[in-house]
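Overview (structure and organization)
Residues per chain, in single letters:
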Amino acid sequence: MAEEEQRPWLSAELNNMADEISVIGPGHMGIGITQVFLQVGYNVVLVGRSRESLDKGMERLKTSMGKAIKKGSLNEKEAEKMLNALHLSSDYHDIAGSILIIEAVSENFDIKTDVLKNAEAHANNTAIIATNTSSIPIHKLGNGLKNRERFLGMHFFNPVPVMKPIELIISKETSEQAISDVKNIIDKLGKTPVMVNDYPGFIANRILMPFINEAIIALENGAADKEGIDTIAKLGFNHPMGPLELADFIGLDVCKDIMDSIYMETGNAKFIPSELLSRLVKEGKLGRKSGEGFYIYKK
Ligand code: CAA
């Protein structure tokens, strides 16, 4: 590699590899993560289970990039370059050249562990493997891996292209070198790494989910209507969205999964999903993505 191509912020091991990362899971978060890496010039291998899931992911990516173009944070030429740097694949062998592999599949322990093991089996042995879990303890997800020194959590926020922080969750086994490499990569993304220890729900969701859940209980109790509850948070706390609007935005199923996972870890009743949340999820009212949650959305 020529002198001017050296990346002094990366360890020597990763410096010998190309600017390529892999994202596993072309869902909402995986696509957002793909977009931000493409936007700063990385090649990205996006791995999906099937052609259909990758096609759906591509549609999401193009919609999201369209929003960025509309907002002026991206132009057509840059967008074309980004799409040329994207490789879609359903074959884990394609992740072998990546310096960082980010797992962004469903928030389900068994699915994530399988994907992570598969990723480790096909990754370069110097690559860092990260999970975008929003609540499952890192040490548990890392249990099936051989090299836990290069494994950590990178919890992105939704919408990924807009939100600045990334919770960087480390276990006792994560090496200083891996932490430093990932911090520097995050820096290049223009995002802010926040070091967080491996506690259930980390920081974001142990604070946010009881807040959202209490708003749902207030609605259930008839303390105010949904608009009233959201208006209090927007005008009274200066939040860009009220808690019910935000729950719809995150996905009611995602909120419930996160709460179930934190409750399972802590046994603390404040993390039990409210009856109304569980009922809406059962009825398939998942928020924006299904067209209805607390509010109704045009498809
Ligand atoms: N690339 C792609 N999309 C972009 C973009 C970009 N560079 N810039 C903006 N957008 C999107 C926005 O996401 C928004 O999408 P929707 O139409 O789907 O809402 C749209 O373009 C319009 O963006 P604007 O900034 O013009 O609109 P806005 O002022 O209404 O802001 C918002 C939208 C950024 C979502 C704002 O309402 C907001 O900040 N809401 C709170 C979000 C939040 O709290 N996120 C954290 C959730 S918790 C979490 O993520 C952790 C977890 O584990 C659950």
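Model, not experiment: these values are computed from the prediction. (Residues numbered from 1 in each chain as written. Predicted model: local features only at pLDDT ≥ 70, side-chain atom pairs only at ≥ 80, totals over all residues. Heavy atoms only, no water.)

**Section: the pairing of strand β8 (residues 192–196)**
Stated formally: Strands pair, by our definition, only if DSSP identifies at least two bridges between them. Put simply, DSSP H or I for four residues or longer makes a helix, DSSP E for two residues or longer makes a strand, and each gets a number counted from the N terminus. The crossover handedness rule: strands pointing away from the viewer, path from first strand over the helix to second strand clockwise, crossover right-handed.
In this structure, strand β7 (residues 165–169) lies alongside β8, joined through 5 bridges in parallel fashion. Counted as the bridge partner of I166 is P193 from β8. Assessed by its sense of winding, the connection that carries the chain from β7 through helix α7 (residues 176–188) to β8 is right-handed.

**Let's talk about helix α11 (residues 252–266)**
We apply this condition: Here the expected length of a helix is defined as 1.5 Å per residue gap, with one fewer gap than residues. The buried label applies to any residue whose accessible area, calculated with a 1.4 Å probe on protein chains only, is under 20% of its type's maximum; exposed applies above 50%, and partly exposed to all values in between. Whether two residues are in contact is decided by their heavy atoms: any pair within 4.5 Å suffices.
Counted at 1.5 Å a residue, the expected span for α11 with its 15 residues is 21 Å, and the 21 Å between its end C-alpha atoms agrees. Taken together, the buried positions of α11 are occupied by L252, D253, C255, I258, M259, S261 and I262. Considering only its buried residues, α11 is in contact with α8 (204–221), α10 (243–250) and α12 (275–282).

**What to know about the environment of K299**
Along the chain, K299 turns up in the segment after α12. With relative accessibility at 84%, the residue K299 sits in the exposed group. In sequence terms K299 and K289 are 10 residues apart; their C-alpha atoms lie 8.7 Å from each other. The residues touching K299, leaving out its near neighbours within four places in the chain, are K289, S290 and G291.

**Comments concerning the domain arrangement of the protein chain**
Filter applied, for reference: Domains are outlined according to an automatic or database domain assignment. Buried area: the accessible area, evaluated with a 1.4 Å probe, that two parts lose upon being put together, summed over both parts. For this document, the term salt bridge refers to a Lys or Arg side-chain nitrogen within 4 Å of an Asp or Glu carboxyl oxygen. The definition of a polar contact used here is a pair of N or O atoms within 3.5 Å, where within protein one atom must be able to donate a hydrogen and the other to accept one, and adjacent residues in sequence count solely through side-chain atom pairs.
Here the protein chain is partitioned into domain 1 (3–196) and domain 2 (204–288). Between the C-alpha centres of domain 1 and domain 2 the distance comes to 28 Å. Counting from both sides, the interface comprises 11 residues of domain 1 and, opposite them, 9 residues of domain 2. In terms of surface lost to domain 2, no three residues of domain 1 exceed S134, S135 and N158, which account for 46% of the buried area on that side. Across the pair K140 and E265 runs a salt bridge, and its minimum N-O distance is 2.9 Å. Here domain 1 and domain 2 share 4 residue pairs in polar contact (both at pLDDT 80 or more) between them.

**Focus: unusual backbone geometry**
Backbone torsion omega between N158 and P159 reads 0 degrees, so that peptide bond is classified as cis. Within the fold, P159 resides in the loop between β6 (151–156) and β7. The phi angle at F202 is positive, at roughly 50 degrees, despite the residue not being glycine. The phi torsion at N238 lies on the positive side, around 65 degrees, for a residue other than glycine.

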